[in-house]
Amino acid sequence: MKTVILYYSRTRKTAHVAKTLADEIQADITEVMDLKDRMGVVNYLGSSIDALRENKTIIKPDTFDLSEYGLVYIGTPTWAAKPAPAIITMIDKCNLKGKDIILFSTMGSSGGSKAIERMREKVEARGGRLVNSFSIKTGGKEIEDINNETKKISEEMDLKIYGI
């Protein structure tokens, strides 16, 4: 079963989680941030405010071909207990019918479960089947600690997915 990790990162901590997962499970990886074109952004503060408005996020390409993947990880930083709008926009462009989905969120303090619930609603609306989810608190942690926690989670996920 081929696996892909689709993720968005603003602070790069989500990127570290995604890249560590990709290394651990030998998955393909796509950073949604590389594919987005935000309109009217002049600085970090402006982009953070703008990002909360889903209609201001344009994701390219117009569709994502996931036909070769059986398992899809989707990851997002958590902003005010919400997933990044870029991830919601990306999910809306995917045909997830028949795909097993694992959702993950990174967060400074709390709200990961609410962000995952919002993504779950979108994933199910697009025909995907949520098989697992997890949140990692990244606020105030060193990258090495985040990577170690991610490795531990990836081992646990692998065992659960295959019923071991």
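Residues numbered from 1 in each chain as written. Predicted model: local features only at pLDDT ≥ 70, side-chain atom pairs only at ≥ 80, totals over all residues. Heavy atoms only, no water.

1. Examining the packing of aromatic side chains
What counts here: Pairing of aromatic side chains here covers Phe, Tyr and the six-membered ring of Trp, requires ring centres within 6.5 Å, and sorts the geometry by plane angle: under 30 degrees stacked, over 60 edge-to-face, intermediate tilted. Helix and strand definitions follow DSSP, with helices as H or I runs of at least four residues and strands as E runs of at least two, each counted in order from the N terminus. Only protein chains enter the accessibility calculation, which uses a 1.4 Å probe; a residue whose area is less than 20% of its type maximum is buried, one above 50% is exposed, and one in between is partly exposed.
Applying the stated criterion to the full structure yields one aromatic pair. With a centroid separation of 5.4 Å and an interplanar angle of 10°, the aromatic rings of Phe104 and Phe134 are classed as stacked. With Phe104 in strand β7 (residues 100–107) and Phe134 in strand β8 (residues 129–137), this residue pair connects regions lying 30 residues apart in the sequence. Classification of Phe104 as buried rests on a relative accessible area of 0%.

2. With respect to the environment of Thr76
What counts, and what does not: Here a residue-residue contact requires only that any non-hydrogen atoms of the pair lie within 4.5 Å. Polar contacts, as used here, are pairs of N or O atoms within 3.5 Å; protein pairs need one atom able to donate a hydrogen and one able to accept it. Residues neighboring in sequence count only if both atoms are side-chain atoms.
Tracing the backbone shows Thr76 in strand β5 (residues 71–79). In sequence terms Thr76 and Arg10 are 66 residues apart; their C-alpha atoms lie 9.1 Å from each other. Sequence-distant contacts of Thr76, that is, excluding residues within four places in its chain, are made with Tyr8, Thr14, Pro83, Ala84, Ile87, Phe104, Ser105, Thr106 and Met119. Here Ala84 takes part through its backbone nitrogen, which lies 2.8 Å from a polar atom of the side chain of Thr76.

3. Overview of a negative patch on the surface
To keep it simple, the criterion reads: Here the term patch refers to residues with relative accessible area over 30% and no salt bridge, with like charges joined within 9 Å and nonpolar side chains (Val, Leu, Ile, Met, Phe, Trp, Tyr) within 5 Å. Accessible surface is estimated by sampling points in the Shrake-Rupley manner with a 1.4 Å probe; for residues, cover comes only from the protein chains shown. Salt bridges, as used here, are contacts in which a Lys or Arg side-chain nitrogen is within 4 Å of a carboxyl oxygen on Asp or Glu. In this charge count, Lys and Arg are treated as positive and Asp and Glu as negative; neither His nor the chain ends contribute. Here the site of a charge means atom NZ of a Lys, CZ of an Arg, CG of an Asp or CD of a Glu.
Taken together, the side chains of Asp23, Glu24, Glu155 and Glu156 present a region of like negative charge at the surface. Elements that contribute at least two residues to the negative patch include exactly α1 (13–25) and α5 (143–161). When its relative accessible area of 61% is taken as the criterion, Asp23 is described as exposed.

4. Re helix α4 (residues 112–125)
Heads up, the condition is: For a helix, the expected span equals 1.5 Å multiplied by the residue count minus one. The arc in question is traced by the directions running from the helix axis to the C-beta atoms.
Spanning 14 residues, α4 covers 20 Å between terminal C-alpha atoms, matching the ideal 20 Å at 1.5 Å per step. Among the residues of α4, Gly112, Ala115, Ile116, Met119, Lys122 and Val123 are the ones counted as buried. In an axial view of α4, the angular spread of the buried residues amounts to 120°, which keeps them on one side of the axis. Away from its buried face, by an angle of more than 90 degrees, α4 presents the exposed residues Ser113, Lys114 and Ala125. Where α4 is buried, its residues touch β5, β6 (82–83), α3 (85–92), β7 and β8. Two residues or fewer past α4, Gly127 is found with a positive phi of approximately 95°.

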